[in-house]
Amino acid sequence: MAAKAPLDELKKLSVNEAGGANGKAAASPNGAKAQDAAEQSGEDSDDDADEHVAEPAPGAAKKKKNKKKKPKKKKKAPTAQTDPPSVLMSQLFPNNTYPKGEEVEYKDENHYRTTSEEKRHLDNLNTDFLVDYRHAAEVHRQVRQWAQKNIKPGQSLTEIANGIEDSVRRLVGHDGLAEGDAIVAGMGFPTGLNLDQIAAHFSPNFGNKTILQQSNVMKVDIGVHVNGKIVDSAFTMAFDPTYDNLLAAVKDATNTGVKEAGIDVRLGELGGLIQETMESYECEINGTTYPIKSIRNLTGHTILPYSIHGTKSVPIVKSADNTKMEEGDVFAIETFGSTGNGYVRDDGEISHYALRGDAPKVDLRLSSAKSLLNVIKKNFSTIPFCRRYLDRIGQEKYLLGLNNLVQSGIVEDYPPLVDKKGSYTAQFEHTILLRPTVKEVISRGDDY
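Being a predicted model, the structure only gives us computed values, none of them experimental. (Residues numbered from 1 in each chain as written. Predicted model: local features only at pLDDT ≥ 70, side-chain atom pairs only at ≥ 80, totals over all residues. Heavy atoms only, no water.)

1. A few points about the side chain of Q142
- Tracing the sequence through the fold places Q142 in helix α4 (residues 127–150).
- Under the relative-accessibility criterion, Q142 is labelled buried at 16%.
- In this structure the side chain of Q142 is engaged in a polar contact, spanning 2.9 Å, whose partner is the side chain of Q81.
- In contact with Q142, other than residues within four places in its own chain, are Q81, P85, M89, L92, F93 and L171. (Helix = DSSP H or I, 4+ residues; strand = E, 2+ residues; numbered from the N terminus. Buried < 20%, exposed > 50% of the residue type's maximum accessible area, 1.4 Å probe, protein only. Polar contact = N/O pair within 3.5 Å; in protein donor to acceptor, adjacent residues only side chain to side chain. Contact = heavy atoms within 4.5 Å.)

Written as structure tokens, this is what we have:
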């Protein structure tokens, strides 16, 4: 999820978790009991059939029959994902054996970390942290790869968003309908489906009728969290080869950022390397050649527990920022390229919101704002949400209260970020963990 420069700091909020997302499969409020009942019913029917034995004819010798009970069939654990995804990650990877991301050794003066006993010890202290992040990352990979195969022109943006989000919820085992359930695991932020000149922060609200067209360039930005550890990763889809160079430029720029990132790297210098890669490309559209520009007022960012935007920003143009990346940081390395101005502005209907971690204490006079604030705290905490998420937990007529919370500085809104009309933008993004011993590109997959 893109950060707009300059970035407001969000403080870490302590959350009492309603239940663990790892170690055991959490039962979904819907359907779990029915499934168990169905299984028991199927097992009992085998025994009942054997109990009805025909009586012998009068005078015939009574012969004792041995009743043989059929052994109950044990349900095999699933070994592969379904289409659409529905099998819990904890079933596919029992005992928290989630796959690692791409591990990259540090370079130069930090190369010693690879074999340092002290750093290995520090790494081993982070077991739960890594389990949660790898769990979320594998969910992200499986859902996005399904989405890449199944998203087609002619589908509505609402259908696409719901398909992605419902899949994430099924795979983590938390549908987010019970109070506090979405805080344990689920969506790390609303799915961004940003078309053409819209670079970030658009998700369809209820009633949106937008249909994906063959000519669209769509950024798909997905966030998955487990126990507040958010994996933020995005890709771009285009169905016309005209835009291949635009996508190639941004993917290359993101990979440059991922490759060059590491402990002690200065953020301003990293932005220069990203910009150099991005702006070495150009794209011809309808006979006109456009230079690909880095969108200079969008940045990557650190990620904190339950907070998608941390305290550090990763520019995608060269800057004088001497802030260093540090051991233990989690970064979203995301780059945006454009055929337009390379600069975005707020424009369009708002869908994304988040409770501020540093929200002021305000005497709310509007009763709808008070009640909605309570709902937000109990259902989302500081994890970003959208209006569709409020709709699905049964909230109605909440816009007045929501706007009041925004005006009071308690909730932050994230309007769509848009370059000039007629331009095209693209995005690729990965989440990286700067572990004591190695850099782990936690969201890396076979797709990108």
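2. What to know about the packing of aromatic side chains
- Scanning the model with the defined rule gives eight aromatic pairs in all.
- Aromatic side chains F93 and Y98 sit 6.1 Å apart centroid to centroid with 55° between the ring planes, which places their arrangement in the tilted category.
- When the centroid spacing of 5.8 Å and the interplanar angle of 70° are considered together, the rings of F428 and Y448 count as edge-to-face. One end of the pair, F428, is in strand β18 (residues 425–434); the other, Y448, is in the segment after β19 (438–441), with 20 residues separating them in the sequence. Across this residue pair, the class does not change: F428 and Y448 are buried.
- Through a chain of ring-to-ring contacts, three or more aromatic side chains come together here, namely Y353, F380, F385 and Y389. (Phe/Tyr/Trp six-rings, centres within 6.5 Å; stacked < 30°, edge-to-face > 60°.)

3. Section: helix α11 (residues 399–407)
- G401, L402, N404 and L405 are the residues of α11 that are buried. The arc that holds every buried residue of α11, seen down its axis, measures 160°, which confines them to one face. The exposed set on the far side of α11, more than 90 degrees from its buried face, consists of L400 and Q407.
- The inward-facing, buried residues of α11 abut β14 (352–355), α9 (367–379), β15 (385–386), α10 (387–392) and β16 (411–414).
- Count one or two residues on from α11 and you reach G409, which has phi positive near 80°. (Arc of directions from axis to C-beta.)

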